[in-house]
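Examining the three-dimensional arrangement
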Amino acid sequence: MGRSGASLSPVRVLLRLRHSLRAQLLAWVLVTLVGVIGFNLYFGLVLARTTANLVTDNMLLGSARMIAEAVRVDAGGNAEVDIPPAALEIFDTGHGDRVFYQVTTAWGNLVAGYADLQVPARMRQGEDMVFRNLNVRALMLNHPVVGLHPVEAPNSEGGVADGVTVTVAVTRYSQQAMRTQLWLSDFNGQVLLVLVAGLVTVLGLNRGLAPVLRLRDAVRKRRRDQLEPFDEGIVHTELRPLVQALNDYMNRVQQQMAAQRRFVANAAHQLRTPLTLLSTQASFAARETDPARREEALQALIRSTRQVTRLAEQLLTLTRAEPGSRAPRADRVDMADVARQVLEARVEEALRQGIDIGLDADEAAPVIGDGTMLKEMLVNLVDNALRYTPAPGTVTVVVTPLGNEIVLRVEDSGPGIAEAERIQVFERFYRIIGTQAEGSGLGLAIVKEVVDGAGGRVTLGTSDDGGLKVEVRLPRA
């Protein structure tokens with residue numbers, strides 16, 4: 001049985017933190033601080049070692065001077081020394097260090113101390129070495145002694161050697177303890193700095209993210225139908241473009257919802273009338289006993305049924321042409337071939353109506369888009385031309401590659417559209433007052449949606465015969 005309310009596993013906690021802006025910002029700040037502190041601690045270790053060496057060297061120099069100043073010369077000119085206790089007690093710091101010393105004359109005679117103590121390479125400069133398996137630090141001092149019998153041995157300066165050389169060495173326990181203490185002191189300060197910086201960062205993040213959280217709460221409190229713009233002043237300057245984009249998106253959603261409401265209302269109105277007419281015609285045909293009149297009623301019923309079917313098809317096509325209604329397609333479509341297929345399917349209808357229908361497309365006209373919708377676009381253009389062109393008349397489709405575009409023109413000899421109404425006819429269910437032909441007012445709306453979706457543009461003009469000229473320009477593949 002599973003345990004209800006079980007705590008989150010560490011893996012899930014890490015995954016949640018990975019997607020947390022606060023956690024990521026805090027992590028970057030802490031990583032930066034830890035990196036800087038790492039460098040500081042390294043250089044602090046170097047500085048602690050240098051400081052401990054300097055203090056130890058000063059103590060060794062002081063001890064060597066006290067021993068050198070205690071050297072005396074007897075009546076025979078020989079050196080002797082009584083080691084001052086202070087010269088050795090100076091190293092008694094509680095860490096159990098051992099002190100080794102050596103006093104020799106310039107000609108190498110041992111006056112006091114350890115004969116096997118190694119002499120540093122340089123005068124007055126501390127040097128780390130190993131003596132009797134112990135790590136020690138040693139320092140050498142050359143000190144003149146008055147009355148000491150000179151010898152014919154040149155000193156380091158080229159004169160006659162008449163002094164003593166004192167070498168003092170001490171184990172490095174105290175030095176290492178001093179270095180560790182100095183480094184730990186620096187380490188504690190750095191850790192405290194990280195903790196303070198982390199606390200300040202958390203407080204700063206909480207304060208800095210407060211406007212974002214207010215925006216989140218404001219979004220959560222909105223009702224589903226509440227799409228008013230948000231106040232840009234509730235967030236920082238850097239986040240105001242986000243609020244502006246959100247407001248712009250909600251504005252587009254409002255416009256889309258309004259368009260959908262108008263579309264549903266108009267569609268309901270457009271369908272109600274022909275459906276009512278269908279019901280009336282069906283009732284009339286059912287009651288009629290005269291065969292001729294019944295046949296007339298049935299033919300009217302068939303025409304109304306076709307009209308409703310065409311309206312439903314156009315509504316479905318318009319829905320499919322709207323942005324976001326279906327997955328985008330990128331077919332390679334030859335508009336000349338599409339035009340040929342559409343006109344071949346409408347030739348018989350055009351001949352029955354007494355309309356001369358023709359195609360002018362001498363070369364391929366490739367475009368990229370949704371092949372089904374592009375064909376439906378051309379079907380609606382040709383259908384409109386045939387519907388509004390009286391007999392005898394002409395309908396011509398021209399497909400021409402022009403630079404980086406494919407130009408598609410549908411021209412007819414009908415009444416055309418007045419310039420004042422050439423914008424409104426692209427609206428859904430808009431019909432020009434006084435037209436006798438039956439239509440739904442959706443043909444050009446479908447054309448506009450398809451052309452916009454393909455990245456093209458559509459314009460209306462007047463044909464050479466005084467009718468309507470529809471020109472569509474699509475990007476060439």
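Residues numbered from 1 in each chain as written. Predicted model: local features only at pLDDT ≥ 70, side-chain atom pairs only at ≥ 80, totals over all residues. Heavy atoms only, no water.

Moving on, we get to the UniProt feature "transmembrane region" (unreviewed entry) in the protein. Under the local residue numbering, the UniProt record ascribes the feature "transmembrane region" (unreviewed entry) to residues 25-48 and 191-213. Strand forms 0% of residues 25-48 and helix 100%; the C-alpha atoms that close the span are 34 Å apart. Taken end to end, residues 191-213 has its terminal C-alpha atoms 31 Å apart, with 100% of it in helix and 0% in strand. (UniProt positions renumbered as here; feature names shortened; annotations may be inferred. Helix = DSSP H or I, 4+ residues; strand = E, 2+ residues; numbered from the N terminus.)

We now examine the nonpolar core. Membership of the largest hydrophobic core comes to 45 residues, with the highest contact counts inside it found for Met335, Met377, Leu378, Leu381, Val397, Val399 and Val472. Sorting elements by how many residues they give to this core places helix H8 (residues 371-388) first, with nine residues. Those residues in contact with Met335 that lie beyond four places of it in its chain are Ala365, Val367, Leu374, Met377, Val399, Ile406, Leu408 and Leu474. Leu60, Ala68, Val99 and Val164 belong to the second-largest nonpolar core, a separate cluster that totals 22 residues. (Core = buried A, V, L, I, M, F, W, Y, C linked by side-chain atoms within 4.5 Å. Buried < 20%, exposed > 50% of the residue type's maximum accessible area, 1.4 Å probe, protein only. Contact = heavy atoms within 4.5 Å.)

In this structure the tally under the stated criterion is six aromatic pairs. Aromatic side chains Phe100 and Tyr114 sit 5.3 Å apart centroid to centroid with 75° between the ring planes, which places their arrangement in the edge-to-face category. Here the residue Phe100 occupies a position in strand S3 (residues 99-105), and Tyr114 occupies one in the loop between strand S4 (110-113) and strand S5 (127-131), the gap between them amounting to 14 residues. By relative accessible area, Phe100 is classed as buried at 1%. Tyr114 sits in the partly exposed class, given a relative accessible area of 25%. On the basis of an interplanar angle of 75° and a centroid distance of 6.3 Å, the ring pair of Tyr101 and Tyr114 is categorised as edge-to-face. With a gap of 13 residues between them, Tyr101 in strand S3 and Tyr114 in the loop between S4 and S5 connect regions that are remote in the sequence. (Phe/Tyr/Trp six-rings, centres within 6.5 Å; stacked < 30°, edge-to-face > 60°.)

A word on the confidence of the model for the protein. Model confidence for the protein is summarised by a mean pLDDT of 81, while 84% of its residues fall at 70 or above. Below pLDDT 50 for its whole length, residues 1-6 participates in zero contacts with residues either more than four positions away or in separate chains. Confidence over residues 151-161 falls short of pLDDT 50; this stretch has twelve contacts with residues more than four positions distant or in other chains. (pLDDT = per-residue confidence, 0-100.)

We now examine the pairing of strand S6 (residues 134-144). In summary, the side chains of a regular strand alternate between the two faces of the sheet. Two elements, S5 and S6, share five bridges in a ladder whose sense is antiparallel. Opposite Phe131, over in S6, you have Leu134 as the bridge partner. Between S5 and S6, which follow one another and run antiparallel, lie two residues, and Arg132 among them has a positive phi close to 55°. One ladder, built from nine bridges, connects S6 with strand S7 (residues 163-171); its direction is antiparallel. Along S7, the bridge assignment pairs Leu141 with Val166. (Pairing = 2+ DSSP bridges.)

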